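# Fold and contact review
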Amino acid sequence: MPSGSDPAAAGPSGLARRSRRSFLTLLGLGGSTSLAGCNAPAGGSSATDGPATGDGSAPERPDYVEGTATGAQTLNFLSVDDTPSANRIELALDGAYAITPEQDVFPLWADISTDEGRVYTVELRENLEWGAGYGRMTAEDWVYMITEVFQADPNWAGFPNPGDWRRGGDPIPVEKTGTRSFEIRLPSVDPAFPLRPVMWGAFCMPKGLIERYRPDRDQEGLQQDEDVQTLAYAGNLGPYSFERWDRGSAFVAVRNDDYYLREVEDVPEEWREAPYFDSYTYEVVPEESSRISALRSGELTATDVPETRVEQLEGLDDVDVRVFPQAYMTALIYNQRANGAFYEALRKPAVRRALAYAVDKRSIVDDVLRGYATVAHTFQPTFSTWYADDEVTEYGVGDTYSHERAREGLAANLGSTPYRYDGDRVVDEAGEQVTLDLVFAQGSQAVETTAQVVAQEYDAIGLDVELSGKQYGAIVEQHLYNSWQSDGDPPWGAGPYNGGPRDGSVSQEPWDLVLGITFNTYPRTPSAIRGFTVERGGINFYGYVPETDFGPLFEAATSTVDEDARRETFEEIFGALSAEQPFNFLNMGVEIVGYDSAVAGPEEEFGYTWDRNTWRLNRQ
């Protein structure tokens, strides 16, 4: 997923979900956050965490099966923009390093260090082996990957976060300094660089694999390569190895007997035998009720739990429900591109502010989400150290929830658009009722109910709303992806989510509102939201053109080590976003997970999945 940390390049950033590594998480699926951790035993409860057998053979370990609402889109991490795909890949590829809840770097494949915050040295472990005959992982693999894929211009591989590897539009210089080491030479000091989803959780492919497709810029060839589709190149680089992938039903990985971390000495003892399961399965179970039933019966070890179903699991001896803070924000997203039915109006901040008055956010949090969320007013959770109450403008709560103020705001600001009030209804140039198409992600009752609430609120201010429920993948392909439809070549493009200027680049299917797609707010490194908030941002599928010049502000926040200066700049950014309302910030969710009560490991804290490979089952 793209993360959009480059001030100027504005490559796509991504979808994100979970407090787990967010290398690719920009967007997520609202209302059905998947777990990052364990899975449950396929076909029944797990037994133990692997006692010795006594005859010298390998200990028996339980299997884990995690129930999820949706399947993966791809196993090519260069194309990943969804959480389900990322989760599957993470089983076979650890990534460069993890970040602990205390914001410390925990080396996996590599460690990262710096003397003065500008030049970072990455040192790879010496026992990293690719699979499929690609040999040892070296610095040459990484430098080739960064320069010929991540920084490639044009972006031939479709990498969703090219902006991560640029500063001011220029590639960040990267240089091999040894067989297992390379340097990243930032143009200016950035003390938070290790926390950004750039090297954190970054994946790599063997140079020998990429070289087959780089000369012809053969993205499709790379996508279809069997080594990519089966993760065969993963070798000893992850806790599990690919076993099978039945699209739409199950992804199965088995314990990797050659996992490199068992051979290193600088990790805590619990990592030396990880993982503690013989297999890890993602079982796709679209229906919430079926997933909950499977958890209760022991068929699943873990699954996400909708807010509306927590009560069904409370008090059960065999199920443990845990609630985790997370960084994903649910918004009502406005289509400001030229294929919407109301786009001329939605491009005006004053109209968006008027619409924000119409929706009761507190009621959605309390009544729809049963209190398992907090109201959002900008692109940052209130638990973030960068959030500033006094700079943020609130809409949709208390006195700022008002249909009367919403109608007044619309009436006063529709004048320069093709729309107007006729009596108490909003009509178009032909005098016909304006009807907005609200597309919502299926699979979550909370999302569907919220969509119904929005339709009722909009009806009260004179706008009709038609609801269209679709699977997450269909929403991405039909409504989020957009491409240039006008004459000639696009003047610029920032990837599949932003094919160019909003008058010429539109999605396959028209839409007006989208609900159920969540945004990663990156509370550790908030400048990573740049890709969502600038015109050429990689995730700007909604066609937002801000009035505030956010680019220099993100540049200023990124390049200083002065904490007070950074805080002041971020306060200005988040204040401006709350005022411009690029979309209606609705709520910051939590991740609710139901586990087999024998699962030991997950702690209820932000970033809890960093050590998930050490989790286990403790049966009595």
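Since the model is a prediction, treat every value here as computed from it, not as a measurement. (Residues numbered from 1 in each chain as written. Predicted model: local features only at pLDDT ≥ 70, side-chain atom pairs only at ≥ 80, totals over all residues. Heavy atoms only, no water.)

## With respect to the overall build of the chain
Keep this limit in mind: Only runs of H or I of at least four residues qualify as helices and only runs of E of at least two qualify as strands under DSSP, and these elements are numbered from the N terminus. Note on method: radius of gyration uses C-alpha positions; expected globular size equals 2.2 Å times residues raised to 0.38. Think of it in three bands: with a 1.4 Å probe and only protein chains considered, a residue is buried below 20% of the maximum accessible area for its type, exposed above 50%, and partly exposed in between. Contacts: residue pairs with any heavy atoms within 4.5 Å of one another.
If you tally the helices and strands in the chain, you get 16 helices and 28 strands. In terms of overall dimensions, the chain is globule-like: its C-alpha atoms have a radius of gyration of 24 Å, near the 25 Å expected for 620 residues. With the principal axes as the frame, the chain shows a C-alpha extent of 85 × 55 × 45 Å. Taken across its 620 residues, the chain has 62% of its residues classed as buried. Long-range pairs, those at least 24 residues apart, make up 70% of the contacts in the chain with a sequence separation of at least 6.

## Focus: the packing of helix α15 (residues 550-558) against helix α16 (residues 563-580)
Operational definition: For helices, the fitted axis covers only the stretch in contact; all axes are lines through C-alpha atoms, and the angles between them, taken along N-to-C directions, range from 0 to 180 degrees. Convention used here: angles under 35 degrees read as roughly parallel, angles over 145 as roughly antiparallel, angles from 65 to 115 as roughly perpendicular, and any remaining angle as oblique. Crossing handedness follows the turn of the near helix against the far one: under a right angle anticlockwise gives a left-handed crossing, and clockwise gives a right-handed one. Under this grouping Gly is polar, as are all residues other than the nonpolar Ala, Val, Leu, Ile, Met, Phe, Trp, Tyr, Cys and Pro and the charged Asp, Glu, Lys and Arg.
As a packed pair, α15 and α16 sit with axes 9 Å apart at the nearest point and diverge in direction by 150°. The orientation of α15 relative to α16 falls into the category roughly antiparallel. Where α15 crosses over α16, the handedness of that crossing is left-handed. Facing Phe550, Leu553, Phe554, Ala556 and Ala557 of α15, the residues of α16 in contact are Arg566, Thr569, Phe570, Glu572, Ile573, Ala576 and Leu577. In the contact of α15 with α16, the residues fall into nine nonpolar, one polar and two charged.

## Description of unusual backbone geometry
Glycine aside, the phi torsion of most residues is negative, and most peptide linkages are trans. With an omega dihedral of 5°, the bond running from Asp153 to Pro154 counts as a cis peptide bond. In this structure, Pro154 sits in the loop between α2 (139-150) and β8 (166-167). One non-glycine residue, Leu231, adopts positive backbone phi at about 55°. Within the secondary structure, Leu231 sits in the loop between α5 (226-229) and β12 (240-246). What makes Leu231 buried here is its relative accessible area of 4%. Of note in this structure, Arg370 is not a glycine but carries a positive phi near 55°. Take Arg370: its relative accessible area is 42%, and that puts it in the partly exposed class.

## Some thoughts on the nonpolar core
What counts is decided by this rule: Residues grouped as a nonpolar core are buried Ala, Val, Leu, Ile, Met, Phe, Trp, Tyr and Cys residues, joined through side-chain atoms within 4.5 Å.
Grouped together as the largest cluster of nonpolar side chains are 85 residues, with contacts concentrated most on Phe77, Leu78, Trp142, Phe182, Ile184, Met199 and Met205. Top element by residues in this core is α2. It accounts for eight residues. Apart from the residues lying within four places of it in its own chain, the contact partners of Met205 are Asn76, Phe77, Leu78, Trp130, Asp141, Met145, Ile210, Leu222, Val228 and Tyr233. By size, the runner-up hydrophobic cluster in this structure holds 43 residues, among which are Leu332, Val351, Val447 and Leu515.

## Details of the pattern of salt bridges
This is how the line gets drawn: Within this document, salt bridges are pairs made up of a side-chain nitrogen of Lys or Arg and a carboxyl oxygen of Asp or Glu, the two lying within 4 Å of each other.
What the rule picks out here adds up to 24 salt bridges. Linking Asp190 and Arg167 is a salt bridge whose minimum nitrogen-to-oxygen distance equals 3.9 Å. Note that Asp190 is positioned in the loop between β11 (181-185) and α3 (207-210) and Arg167 in strand β8, a separation of 23 residues in sequence. Overall, Arg167 belongs to the buried group, its relative accessible area being 9%. Of the charged contacts, one joins Arg212 and Asp227 as a salt bridge, the two residues approaching to 3.9 Å between their closest N and O atoms. Of the two residues, Arg212 sits in the loop between α3 and α4 (219-224) while Asp227 sits in helix α5, which places them 15 residues apart along the sequence. Within the structure, one salt-bridge network assembled from shared partners comprises Glu140, Lys176, Lys207 and Glu211.

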